[in-house]
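Tertiary structure, described
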Amino acid sequence: MHTGRAYELLWALCYSTQTHMGHIAIQIPQIPGEQEIEIDVKINGIRQQYNYRVEIFYWKDCEKPGDSRAECIRGILARYDKNWELYYIGAPTREYVPLTFRKKRIVELPEN
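What you see is a predicted model; the values in this text were computed from it and never measured.

Focus on the pattern of salt bridges
Pairing between side chains becomes possible if they bear opposite charge and their charged atoms approach one another. Applying the stated criterion across every chain, the model contains six salt bridges. The partner of Glu 63 in a salt bridge is Arg 79, and the shortest N-O contact between them spans 3.3 Å. Of this pair, Glu 63 sits in the loop between strand 4 (46–58) and helix 1 (69–79) while Arg 79 sits in helix 1, placing them 16 residues apart in sequence. Of the residues examined, Glu 63 reaches a relative accessible area of 62% and is grouped as exposed. Arg 79 gets classed as partly exposed once you look at its relative accessible area, which sits at 47%. Linking Glu 85 and Arg 102 is a salt bridge whose minimum nitrogen-to-oxygen distance equals 3.1 Å. Here Arg 102 lies in strand 6 (residues 96–103) and Glu 85 lies in strand 5 (residues 84–89), a separation of 17 residues in the sequence. Looking at Glu 85, the relative accessible area reads 29%, which means it is partly exposed. Connected via shared salt-bridge partners are Glu 36, Arg 53 and Glu 55.

Focus on helix 1
Those residues of helix 1 not exposed but buried are Cys 72, Ile 73, Gly 75 and Ile 76. All buried residues of helix 1 project into a common sector of 155° when viewed along the axis, lining one side. Those residues of helix 1 hidden inside the fold are in contact with strand 4, strand 5 and strand 6.

A short note on the packing of aromatic side chains
As enumerated under the stated definition, the model contains five aromatic pairs in all. Aromatic side chains Phe 57 and Phe 101 sit 6.5 Å apart centroid to centroid with 75° between the ring planes, which places their arrangement in the edge-to-face category. Of this pair, Phe 57 sits in strand 4 while Phe 101 sits in strand 6, placing them 44 residues apart in sequence. Taking the relative accessible area as the measure of exposure, Phe 57 reaches 17% and is therefore buried. When its relative accessible area of 1% is taken as the criterion, Phe 101 is described as buried. Measuring from ring centre to ring centre gives 3.8 Å for Tyr 80 and Phe 101, while their planes differ by 5°; the resulting arrangement is stacked. With Tyr 80 in the loop between helix 1 and strand 5 and Phe 101 in strand 6, the pair connects residues that are 21 residues apart, well separated along the chain. Taken as a pair, Tyr 80 and Phe 101 share a single burial class, namely buried. One aromatic cluster is present, built from ring pairs that chain together Phe 57, Tyr 80 and Phe 101. Just above the ring of Trp 84 sits the side chain of Arg 53; from NZ or CZ to the centre is 3.9 Å. One cation-aromatic arrangement involves Lys 60 over Tyr 58; the distance from NZ or CZ to the ring centre is 6.0 Å.

Conventions used here
Residues numbered from 1 in each chain as written. Predicted model: local features only at pLDDT ≥ 70, side-chain atom pairs only at ≥ 80, totals over all residues. Heavy atoms only, no water. Salt bridge = Lys/Arg side-chain N within 4 Å of Asp/Glu carboxyl O. Helix = DSSP H or I, 4+ residues; strand = E, 2+ residues; numbered from the N terminus. Buried < 20%, exposed > 50% of the residue type's maximum accessible area, 1.4 Å probe, protein only. Arc of directions from axis to C-beta. Contact = heavy atoms within 4.5 Å. Phe/Tyr/Trp six-rings, centres within 6.5 Å; stacked < 30°, edge-to-face > 60°. Lys NZ or Arg CZ within 6 Å of the ring centre and 35° of its normal.

Treat this as a map of the structure, not an account of what it does.
Below, the structure written as structure tokens:
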């Protein structure tokens, strides 16, 4: 799907340990429309994968067209795959809103 304008996304890749949280900003190429993103990283020798998804939702496709945009987004999130969590709400236009989701991960921390 075409987004109607090009935009640049910066993604924050987050990891945590028992003592701190770090962030890395990764620039993603400008590709219009929906995107599936897989990021492989090695942190302290441990390989991890992060999955993100950018999807375009059109206001005209809301369940109840008279609802506010916030209600429309709430409805989208209520019906969305529970294995993914909302990560970022992009800049909405008159026609659509881009939503970024992150695949949920179960991270087991090493015992001391």
